[in-house]
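Coordinates in review
Each chain is listed here by its residues.
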Amino acid sequence: MNPLRLLVNGSRGRMGQTIIACAKADPEVAIAAAVDQGDDFNSALKLADAVIDFSHHDVTESVACACAADKKLLIIGTTGHTDAQVARIAEAAQLIPIVFAPNFSVGVNTLFWLTRKAAEILGTDFDLEVVEMHHKLKKDAPSGTAKRLVEILAAVRSLNYNEDTRHGRFGIVGERKTSEIGVHAIRGGDVVGDHTVIFAAQGERVELTHKASSRETFARGSIRAAKWGATRPPGLYDMQDVLGLK
Ligand code: NAD
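These notes cover the structure that comes with them. What you see is a predicted model, and the numbers here were worked out from it, not measured in a lab.

1. A look at the pattern of salt bridges
In the structure shown here, the tally under the stated rule is 19 salt bridges. With a closest N to O distance of 3.6 Å, Lys227 and Glu28 form a salt bridge. A residue pair is termed long-range when its members are at least 10 positions apart, and Lys227 in helix H8 (residues 216–229) and Glu28 in the loop between helix H1 (14–24) and strand S2 (29–35) qualify at 199 residues. Note that Glu151 is salt-bridged to Arg148, the shortest N-O span being 3.2 Å.

2. As for the packing of aromatic side chains
One pass over the full model with this rule turns up two aromatic pairs. Taken together, a centroid distance of 6.0 Å and an interplanar angle of 50° make the contact between Phe54 and Phe104 tilted. Of the two residues, Phe54 sits in the loop between strand S3 (50–53) and helix H3 (60–70) while Phe104 sits in the loop between strand S5 (97–100) and helix H5 (106–122), which places them 50 residues apart along the sequence. The exposure class of Phe104 is buried, given its relative accessible area of 2%. Both rings, one in Trp228 and one in Tyr237, keep their centres 5.1 Å apart while their planes meet at 85°; by these two values the pair is edge-to-face. Of the residues examined, Trp228 reaches a relative accessible area of 17% and is grouped as buried. Taking relative accessible area as the criterion, Tyr237 reaches 16% and is therefore assigned buried.

3. Some details on the site of the ligand
Around the ligand, 22 residues are found, and the nearest of them are Arg14, Met15, Asp36, Thr79 and Lys138. Gly77 is positioned such that a nitrogen or oxygen atom in its backbone is 3.0 Å from a nitrogen atom of the ligand. At 2.7 Å, a side-chain N or O of Thr79 approaches an oxygen atom of the ligand. For the ligand, whose accessible area on its own is 860 Å², the fraction buried by protein is 80%. Here the residues of the shell around the ligand sort into seven nonpolar, nine polar and six charged.

4. What about the sheet that holds strand S7 (residues 165–167)?
Strand order in this open sheet of five strands is S7-S8-S6-S9-S10, and the pairing throughout is mixed. The open sheet has two free edges, formed respectively by S7 and strand S10 (204–212), since each of these has just one partner strand. Ignoring which end each strand starts from, the neighbouring axes of this sheet average 15° apart. Strand direction decides the pairing type here: strand S9 (residues 193–201) and S10, joined by nine bridges, are antiparallel. By the bridge assignment, Thr196 is partnered in S10 with Thr209.

5. Observations regarding H3
Buried within H3 are the following residues: Thr60, Val63, Ala64, Ala66, Cys67 and Ala68. Buried-residue contacts for H3 involve strand S1 (4–9), helix H2 (41–45), S3, strand S4 (73–76) and helix H4 (83–92). Lys71 sits one or two residues past H3 and shows a positive phi near 55°.

Definitions and limits used
- Residues numbered from 1 in each chain as written.
- Predicted model: local features only at pLDDT ≥ 70, side-chain atom pairs only at ≥ 80, totals over all residues.
- Heavy atoms only, no water.
- Salt bridge = Lys/Arg side-chain N within 4 Å of Asp/Glu carboxyl O.
- Helix = DSSP H or I, 4+ residues; strand = E, 2+ residues; numbered from the N terminus.
- Phe/Tyr/Trp six-rings, centres within 6.5 Å; stacked < 30°, edge-to-face > 60°.
- Buried < 20%, exposed > 50% of the residue type's maximum accessible area, 1.4 Å probe, protein only.
- Near = heavy atom within 4 Å.
- Polar contact = N/O pair within 3.5 Å; in protein donor to acceptor, adjacent residues only side chain to side chain.
- Areas by Shrake-Rupley, 256 points an atom, 1.4 Å probe, with all protein chains shown as cover.
- Nonpolar A, V, L, I, M, F, W, Y, C, P; charged D, E, K, R; others polar.
- Pairing = 2+ DSSP bridges.
- Axes fitted to C-alpha atoms, helices over the stretch in contact; angles between N-to-C directions.
- Contact = heavy atoms within 4.5 Å.

This is the structure we're talking about:
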């Protein structure tokens, strides 16, 4: 079987470089094009079967439109999109398969699953807080993964992400509301990505933690998503679909 030809967008970045290195070690895929800021994306697209995008959130929309026009599979790892940008990615997914995940690691997707289960079991007596830490060069906050964790908690508790999320605390903030989901973004050093979900009640506390120590876990996950997506019909998928966790 011919290898799946990949275009890596954001190829000079931390994730782009890691994906290229992992793809070179995988005989089922080949790097057909490596594109970064200033390069001709549309010409490179002709050489590829699928695009893996780890670039900047303002770029993804045009990448999705180009892939939809050329009927190419798209894997999106970029985070930090606005609601409007996410809506336009979803529109493109009516024409092509798109796997869009804030985190491609198997461990974090297990954390998503465990978080939902824990929230269901522990119920409303437990206060919910999410803490994330990343390297000092990360541009968006909270991380896409932390946002997804809050969305999972909000869905179980019938809360609203925009109204009930409390981003950090400062000053005389008053007592914590039961409906609040606290989110805290720590930045420093070279931390690849730590996420902890805290369930705190009277007399006990449950903490679920994932720590990534290498970007290879995200890179290999995105390549796995590309191989999985290559045989799917148009639609918007995430890593939970790829791993069969839904
Ligand atoms: P980075 O800053 O190291 O790399 C981003 C690259 O995108 C840079 O080389 C930059 O020049 C390039 N870029 C900017 N504008 C571009 C354009 N118009 N066209 C093509 N390339 C362009 O960042 P990173 O650490 O590699 O992370 C990239 C994105 O991936 C971020 O949004 C980050 O949050 C996300 N991320 C997601 C996961 C996941 O599993 N989903 C894991 C790690 C990082």
